[in-house]
Amino acid sequence: MKAAKNYKFWFCAGSQDLYGDAVLANVAAHTKEMVEGLNKSGLLPFEVVWKPTLLTNELIRKTFNEANIDDECAGVIVWCHTFSPAKSWIIGLKELRKPLLHFLTQYNEEIPYDEIDMDFMNENQAAHGDREWGHIVTRMGIERKLIAGYWTDANVQARIGSWQRTAVGVVESSHIRVMRIADNMRNVAVTEGDKVEAQIKFGWEVDAYPVNEIAEAVGAVSESDTNALVDEYYDKYQILLEGRDAKEFRDKVAVQAQIEIGFERFLEEKNYQAIVTHFGDLGALKQLPGLAIQRLMEKGYGFGAEGDWKVAAMVRLMKVMTQGMKDAKGTSMLEDYTYNLVPGKEGILQAHMLEICPSIADGPISIKEQPLSMGDREDPARLVFTSKEGSGIACSLIDLGTRFRLIINAVDCIKNEKPMPKLPVATNFWVPQPNLYTGLEAWILAGGAHHTAFSYDLTVEQMVDWAEAMGIEAVVIDKNTDIRTFKNELRWNAAVYR
Ligand code: MN
């Protein structure tokens with residue numbers, strides 16, 4: 001995977017100088033102990049760093065501006081050990097540009113009934129301090145995450161870990177650069193969008209390159225480099241000749257190996273992390289990039305088919321958000337293709353003409369060659385597999401003309417009921433929540449696309465938080481969705497987001 005930075009999160013306790021040095025020494029010591037406890041929990045993917053207690057307007061402003069310019073700082077966690085007058089935070093909060101978490105917790109878990117006196121209360125008054133601090137953040141309209149619970153609780157620690165991934169998604173969004181090879185497919189609406197507005201909202205740079213520039217980079221890849229990669233493919237994947245000539249088959253696979261190397265070199269040289277292609281505009285490329293794109297996605301590049309740059313950026317973003325996750329099950333572009341409407345077996349077969357990321361594969365992966373019904377090139381080699389079972393989220397970012405909407409559907413992936421020996425593409429089969437028909441009606445009402453950015457490893461909450469941080473509408477279709485409420489939500493949202 002193309003590595004994101006070695007991100008860290010700053011942990012700042014808020015207080016004031018009213019309490020005297022002894023209390024402030026305790027505040028600092030307790031905060032250090034909490035930081036250490038969070039880091040040792042093993043539930044946070046990124047390190048938490050202790051910062052000196054924030055007491056004054058000047059120090060808060062200075063600390064937050066240091067967070068702004070520190071490339072490795074992906075967010076600030078604020079905890080109110082004592083009461084911290086919130087006017088002291090206004091300038092600092094106004095200038096903070098990093099994701100913000102208000103951690104609603106307390107050093108002690110239980111009220112020490114036998115010992116408690118006013119000194120103890122003054123030192124441990126998070127319930128008091130949280131309200132003062134939360135008020136100013138709400139009044140200023142600043143997006144922040146709230147996580148409430150005791151700091152040693154594993155569920156609470158896991159929620160902080162989950163938010164860290166969202167925060168990295170927010171920070172990394174501004175580094176995503178999408179290379180467009182050819183324009184969006186002619187006459188298709190949902191893959192289009194306002195690239196300038198996407199850069200304003202998300203930070204994405206979306207640039208076009210003539211297909212033959214990248215085809216030249218492919219042509220420049222040596223035979224020996226290509227053959228070495230083909231050998232790797234033959235070691236790693238099953239080869240399904242299906243009566244084809246072995247030598248010819250290998251030559252066609254080599255075309256994809258050359259594309260993989262050439263594309264990756266071109267993307268690296270020009271610093272892009274995502275790419276789109278279009279089967280109708282292949283220039284000097286001999287095949288539609290299939291296997292090559294599948295492998296690049298597995299390495300962490302974003303991809304969107306038929307010029308779909310929004311999906312390419314979302315796939316990249318979601319891959320970054322899941323980076324380094326233990327037991328990750330995978331993230332890919334997918335496309336809604338065909339329904340199964342048999343009662344009790346309802347669902348949607350997900351596939352694409354070629355380009356599904358093998359990170360979501362379950363079981364063996366094979367290489368096949370088949371003619372493509374669209375385009376006018378030789379039969380492309382592709383990886384074929386079925387996908388893992390389990391819950392996931394399908395995301396569609398659409399441009400409504402004046403604004404963006406992110407649609408998030410919680411889905412349950414199950415095994416295909418039967419093998420599909422004649423289908424020469426990778427597949428996934430899912431049941432949208434709350435069920436196929438309600439999920440489908442809600443998706444279409446919201447304007448969701450056929451291409452999605454799908455992940456087993458991210459949650460609805462993470463993507464909603466990301467959308468909120470970006471200042472765009474997010475709608476969720478999950479087990480709580482009913483159509484009447486959902487329609488009203490869309491109407492109300494139309495009044496809020498304009
Ligand atoms: Mn498509």
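In this numbering scheme, every chain counts its residues from 1 along its sequence in written order. Side-chain atom pairs in this predicted model are given and counted only at pLDDT of 80 or more, local residue features only at pLDDT of at least 70, and totals for whole chains, interfaces and linings cover all residues. Based on all heavy atoms of the structure, the side-chain values leave hydrogens and waters out of the count.

> Sorry, what's going on with the domain arrangement of the protein here?
It is common to give the size of an interface as the accessible area lost on bringing the parts into contact. As used throughout, domain bounds are those supplied by an automatic or database domain assignment. The domains assigned to the protein are domain 1 (8-173) and domain 2 (177-496). Values labelled buried area give the accessible surface lost by two parts on being combined, using a 1.4 Å probe and summing over both. Area buried by domain 1 at its contact with domain 2 is led by R165, T166 and S173, which between them contribute 49% of it. The salt bridge criterion pairs a side-chain nitrogen of Lys or Arg with a carboxyl oxygen of Asp or Glu, the two atoms within 4 Å. Joining domain 1 to domain 2, the criterion identifies three salt bridges. With a shortest N-O distance of 2.8 Å, K145 and D465 are connected by a salt bridge. By the criterion applied in these results, polar contacts are pairs of N or O atoms within 3.5 Å in which, for protein atoms, one can donate a hydrogen and the other can accept it, and in which residues neighboring in sequence qualify only through two side-chain atoms. At the junction of domain 1 and domain 2, the tally comes to nine residue pairs in polar contact (both at pLDDT 80 or more). By the criteria applied, helices consist of DSSP H or I runs no shorter than four residues and strands consist of E runs no shorter than two, each listed in order from the N terminus. Looking at which element gives the most residues to the side of domain 1 that touches domain 2, the answer is helix α6 (residues 154-173), with nine residues. Amino acid classes used here: Ala, Val, Leu, Ile, Met, Phe, Trp, Tyr, Cys and Pro are nonpolar; Asp, Glu, Lys and Arg are charged; the rest, including Gly, are polar. Across the side of domain 1 that touches domain 2, the residue classes break down as two nonpolar, four polar and five charged.

> Whenever I open this one, the sheet that holds strand β7 (residues 205-209) confuses me. Can you help?
Think of a sheet as strands paired side by side through backbone hydrogen bonds, with each pair either parallel or antiparallel. The pairing criterion for strands is at least two bridges between them, as found by DSSP. Judged by pairing direction, the sheet is parallel, and its four strands sit side by side in the order β7-β6-β9-β10 without closing on themselves. Only two strands of the sheet have a single partner each, and these edge strands are β7 and β10 (302-304). Sheet twist, expressed as the average angle between the axes of neighbouring strands with direction ignored, equals 20°. One ladder, built from five bridges, connects strand β6 (residues 177-181) with β7; its direction is parallel. Residue R180 lies in a different strand from β7, and its bridge partner there is A208. Working convention: axes come from line fits to C-alpha atoms, limited for helices to the stretch in contact. Angles between N-to-C directions cover 0 to 180 degrees.

> Looking at this structure, I do not really get the coordination of the manganese ion. What am I missing?
Note on metal geometry: ideal angles are 109.5 degrees for four donors arranged tetrahedrally and 90 or 180 degrees for six donors arranged octahedrally. Sites may look incomplete, because water is not among the atoms used; the donor set itself consists of N, O and S atoms within 2.8 Å of the metal (3.2 Å for Na, K and Ca). Protein coordination at the manganese ion: the donors are E306 (OE), E335 (OE), H352 (NE2) and H451 (NE2), at 2.1 to 2.2 Å from the metal. Mapping the donors of the manganese ion onto the primary sequence yields the spacing E-x28-E-x16-H-x98-H. Pair noted here: E306 is in the loop between β10 and α12 (309-321) and H352 is in the loop between β12 (347-351) and β13 (361-369), with a separation of 46 residues, a long-range link. Look at E306 and you get buried, because its relative accessible area is 9%. Here's how the labels work: a residue is buried when its accessible area is under 20% of the maximum for its type, exposed when over 50%, partly exposed in between, all with a 1.4 Å probe on protein chains only.

> In this structure, what is going on with the pairing of strand β17 (residues 428-432)? I would like to understand it.
When a strand is regular, its side chains alternate between the sheet's two faces. For β17, the tally of buried residues reaches four of five residues, placing the bulk of the element in the interior. Pairing of β12 with β17 involves three bridges; the strand directions are antiparallel. Within β17, the position partnered with I348 by the bridge is W430. Across four bridges, strand β16 (residues 404-414) lies against β17 in antiparallel orientation. For V411, the partnering residue across the bridge sits in β17 and is P432.

> How should I be thinking about the packing of aromatic side chains in this particular structure?
Think of a pair of aromatic rings as described by two things: how far the centres are apart, and how the planes are tilted against each other in angle. Any pair of Phe, Tyr and Trp rings, taking the six-membered ring for Trp, is counted once the centres come within 6.5 Å. Such a pair is stacked with planes under 30 degrees apart, edge-to-face with planes over 60 apart, and tilted for the rest. For the structure shown, the criterion picks out 15 aromatic pairs. Both rings, one in F64 and one in W89, keep their centres 5.9 Å apart while their planes meet at 55°; by these two values the pair is tilted. In this pair, F64 is assigned in helix α2 (residues 57-69) and W89 in the loop between β3 (73-80) and α3 (90-95), connecting sequence segments 25 residues apart. Comparing F64 with W89 shows no difference in burial state: the two are buried. Plain terms: the ring middles of Y107 and W151 are 6.2 Å apart, the flat faces sit at 15° to each other, and that makes the pair stacked. Of this pair, Y107 sits in the loop between β4 (100-104) and α4 (118-123) while W151 sits in the loop between β5 (145-148) and α6, and the two are 44 residues apart along the sequence. Taking relative accessible area as the criterion, W151 reaches 7% and is therefore assigned buried. Among the aromatic residues, those joined into a ring-pair cluster are Y7, F9, F46 and W163. Sitting over a ring, as applied to charges here, requires NZ of Lys or CZ of Arg to be within 6 Å of the ring centre and within 35 degrees of the ring normal. In this arrangement the basic side chain of K51 is found over the ring face of W10, its NZ or CZ atom lying 3.9 Å from the centre. The ring of Y272 carries the charged tip of R177 above its face, separated from the ring centre by 4.3 Å.

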